[in-house]
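Topology and contacts: notes
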Amino acid sequence: MTPTAGSYRRRRFVERVMFTLAGIATASSIGILIFLLGYIAVHGVTALSLDFFTNLPAPVGEPGGGMANAIVGSAKILLVAALVGIPVGFVGGIYLAEYGRSGLAFWVRYAADVLNGVPSIVIGITVYALIVRPFGHFSTLAGGFALGLMMIPVALRSTEEFLRLVPSSLREASLALGAPTWVTIMRVVVPAGIRGIVTGLLLALARVAGETAPLLFTALNNRFWSPGWRAPTASLPVMIFTYAIAPYDDWHRQAWAGGLVLLTLVLGANILARLLMHGGRARGGA
Amino acid sequence: MEALGAIGVRREAKLPVRPRRVGDFLLRTGSLGLALSVLAITATIATVLFVQSRQARVAFGWPFLWTSVWDPVALRFGALPFIYGTVMTTFLALAIAVPVGLGAAICLAELLPLRIADGLTFLIELLVAVPSVVYGLVGVFVLVPAMRGLETTIQGALGFIPLFSGPIYGVGLLTASVLLAVMVVPFIIAVSREVLLAVPETQREAALALGATRWEMVRHVVLPYARAGILGSIFLALARALGETMAVTMVIGNRPEVSASLFAPAYTMAAVLANEFTEATDDVYLSALVEVALVLFAITVVVNGIARLLIGRVPRPGAANT
Amino acid sequence: MRQRVWAAVVFGLVLAVVASRAAVLVTGAGATFPYPIYSKWFDEFHKRFSDLQINYQSIGSGGGIRQVLDGTIDFGATDGPMTDEQLASAKIPILHLPTVLGAVVPTFNLPGIERLRFTPEALAAIFLGKVTKWDDPAIAEANPGVKLPSQALVPVHRSDGSGTTYIFTDYLSKVSPEWQKTVGRNTSVNWPVGLGGKGNEGVAGLVKQTPNSIGYVELIYALQNKLPYGDVRNRAGKFVQASLDSVTAAAAGAENIPDDFRVSITDAPAATAYPIASFTWLLVPTRIADADKGAALKKFLEWMLSDGQSLAPPLNYAPLPPALVTRERQALSKITVGG
């Protein structure tokens, strides 16, 4: 079955064209990443200074302000988010993996999918209606709660996935030795899957760390340090947004610096998470 | 058997029964409770949206979805401009992102050696993690001026086509679509690559054995096999694009108007919510905005549902952060 | 670098815990129009009284009105006075307290052109979409000798609920019957044409980045960003540039400021008056439950009426007329604190 030279050459030509296009697509995608990171790095690094990390924002038009309160504010919000999202996601995921074979589990998974797809701004609106308005103030708690809600589906799904990956032989061995179900789950299965679970939780946290929209309606912003947990607070993403759309060059510089800090933290968490996961498996790879 | 049973009975009789049951009971109900709370949360969101939009739904009815007016003074609202803007930007973004994403996925799944491809995929997946506001930042300072130049060039050559007519601002529908495309391409690449890798080698080898070139193998065997998964990845990207707020509002021009030109400023549902929600001073105005949120919510539920059906098992966070 | 971040975070957390013990935090939000002078005021006030912090967020006048009605902030700020219906819907009666006077200027981005004159008709026509090119006679007539490009105009307006919009549309409604009929005056209107920017900052940013654009912003935003702005012809027929003097002249002409201090001074009759000038107000509930916050706010208001006024001119806001200050001081007693 020898193909005629002519048509074969044409087919090879088409192949070469298509694969070149595919290669260009890949190169552009990598190129975008490098451009994005590089651009932010260049603009952000020149704007970074000790002032940026230790000063509060300065009045409009005056130089020398910083984002110290925004960095701390983001940390506090994420702490609240973790306290809301991790227990629900982690323990809920245990239910789905260990007990959930039935219709109820299906609905929970479906609800988590829906929740995952809800645009973050809609979550912000809901939390505004449920918490900010009735209680009468914007707060770190409201902002953290909104972000925590967004963490739940990712935490839930990753916990379930990694618990399912634990071989049943481990469960059966534990049960055969007489351990109660709950001990089996908490002392044997969960520790076996903990690496993947932690990865998933870390990724969930990193994802919400960059969210801006829900914070606009829940934590507002703050010129000063935010006392406690029930006052409005500055946060990195909101500050970046506010400064980016303004006309002041000094604010633009700070926006770049903020973008660099945020990006570093988020990417750092992602890389850490993936290294954790890949390190655990015996597979080769990045 | 009997012996084992006897041993079992004896062991059970020896060990205290109460603590075991309590522990089991606690874990089971506790985890069930928290799992149910997820249902409750989602139901609450849907309810809040439905209830708070009542005033607008009653006032404007179904025509709300296809009327193009947004007048806070006369209190007449129709969401068509936002639905149009959302649909158009998403559609255009996918039109750009799908060929590029699929092409890259093919390259990474079929052409490159595994270790290099794994490394590159790892890098591309990092793009998924970049926050929206950072994309917006680069969009405002880099993309907008670049698009202004590009649009002027296009209008110079093709300005007679209505799609490319009208004044050029730099911000607008096309700019937002390009930015969205950049944001969703990594999704498509990551998920599609996984799907392509899952196609059995036997299929590939069979095609090659029949004399197909590698491209023909990909086009006629691998892609059709992976079709459902790839479509699913597209829907996932679609869902993400629909909800994008910050990056879009920074580059779209924020104008509630349906226009024929791609260069015109536009508005999306998410963007109008971000801009106007805290300020709607009339109850009807606020209710109209919540109705916009309800529509957005409904659309994302449907799209996610379709994606779920197509993809089946949604990939774990390690592969693509969905 | 990340270690520095962590160090800053830990340091900040400690600081936040320490700082949070001492300070009273009052939160307000609203107009972007006076944001430069407000942020200066709150900064100076905090330097004077270090245990009192007033956190002001410029989210637009519409936001200020809405949030103060919702009770989620301690005070609001607006340059578009609340309507009677809005006031009636408030759970606790709300006071309008004027703070300074400012000007809304038409700012533009035309390479090489620094000064332009606009007639009221031209401004209305531009934002109605009737005038679409810079070299239209409506603009050219008022600017003999200026080479206007034959480029398309890019109008820029506010995408959020804005008192600056209220002032501008209030003026346009007075000078253009067509505007009054088709668009009207409000903090958020159905703009016939133009791009939307968020806040005065957003509009200034868009104008700065978009060639051939024209927007409307508070004077200080044009000045601080070195954007050119046009003179506007006033009711007396003269082309006036926005300045401290011309804004003060506009206020001087305002007869009979009512007891609730809601008044419009656009299109003022005085010969030297700038036609698009306005007061800006703080919206303060008459009953403040939290004693500390109420005391802090009242202290600020007194300070604002005395020391604060002198900080306005350097930022190109006109201080309040002395007679008005006296009346306002009396009005402060309507605010009850605690209990």
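Up top is the structure.
Residues numbered from 1 in each chain as written. Chains lettered and ligands numbered in written order. Predicted model: local features only at pLDDT ≥ 70, side-chain atom pairs only at ≥ 80, totals over all residues.

Description of the sheet that holds strand β10 (residues 239–240) of chain C
Hydrogen bonding along the main chain pairs the strands of a sheet, whether they run parallel or antiparallel. All names here are of chain C. With mixed pairing, the 3 strands of this open sheet are ordered in space as β5-β9-β10. Each having just a single partner strand, β5 (117–118) and β10 make up the two edges of the open sheet. Of the strand pairs in this sheet, β5 and strand β9 (residues 231–233) are connected by 2 bridges, and their pairing is parallel. Following the sheet pairing, F118 is matched in β9 by V232. (Pairing = 2+ DSSP bridges. Helix = DSSP H or I, 4+ residues; strand = E, 2+ residues; numbered from the N terminus.)

Quick look at the interface of chain C and chain A
In this complex, chain C contributes 35 residues to the contact, which on the side of chain A involves 31 residues. For the side of chain C that touches chain A, the secondary structure elements donating two or more residues are α1 (2–22), β1 (24–30), α2 (35–48), β2 (52–58) and α9 (199–209) of chain C. It is α1 of chain C that provides the largest number of residues to the side of chain C that touches chain A, a total of 11 residues. The residue makeup of the side of chain C that touches chain A, split by class, is 14 nonpolar, 13 polar and 8 charged. (Contact = placed C-beta atoms within 7 Å. Nonpolar A, V, L, I, M, F, W, Y, C, P; charged D, E, K, R; others polar.)

Side note on helix α5 (residues 120–128) of chain C
Buried residues of α5 of chain C: P120, A122, L123, A124, I126 and F127 of chain C, and no others. Of the residues flanking the end of α5 of chain C, it is G129 of chain C, one or two places downstream, whose phi is positive at about 90°. (Buried ≥ 20, exposed ≤ 12 C-beta atoms within 10 Å, placed from the backbone.)

Regarding unusual backbone geometry
One non-glycine residue, N254 of chain B, lies in the positive phi region at around 55°. On the neighbour-count criterion, N254 of chain B (30 C-beta atoms within 10 Å) is buried. Of note in this structure, F261 of chain C is not a glycine but carries a positive phi near 65°. Mapped onto the fold, F261 of chain C is located in the loop between α11 (244–252) and β11 (277–285).

Focus on the sheet that holds strand β3 (residues 75–78) of chain C
All names here are of chain C. Strands sit in the order β2-β1-β3-β11-β4-β8-β6-β7 across an open sheet of 8 strands; the sheet is mixed. In this open sheet, the two strands that pair with only one neighbour each are β2 and β7 (195–197). Strand-to-strand twist of the sheet, defined as the mean angle between neighbouring strand axes without regard to direction, takes the value 25°. Of the strand pairs in this sheet, strand β6 (residues 154–158) and β7 are connected by 3 bridges, and their pairing is parallel. Within β7, the residue paired with V156 across the bridge is L195. The strands touched by helix α3 (residues 61–70) are β1, β3, β4 (94–108) and β11; relative to β3, the strand with the most contacts, the crossing angle is about 150°. Packing of α11 onto the sheet brings it into contact with β4 and β11, and relative to β4 it is tilted by some 135°. (Axes fitted to C-alpha atoms, helices over the stretch in contact; angles between N-to-C directions.)

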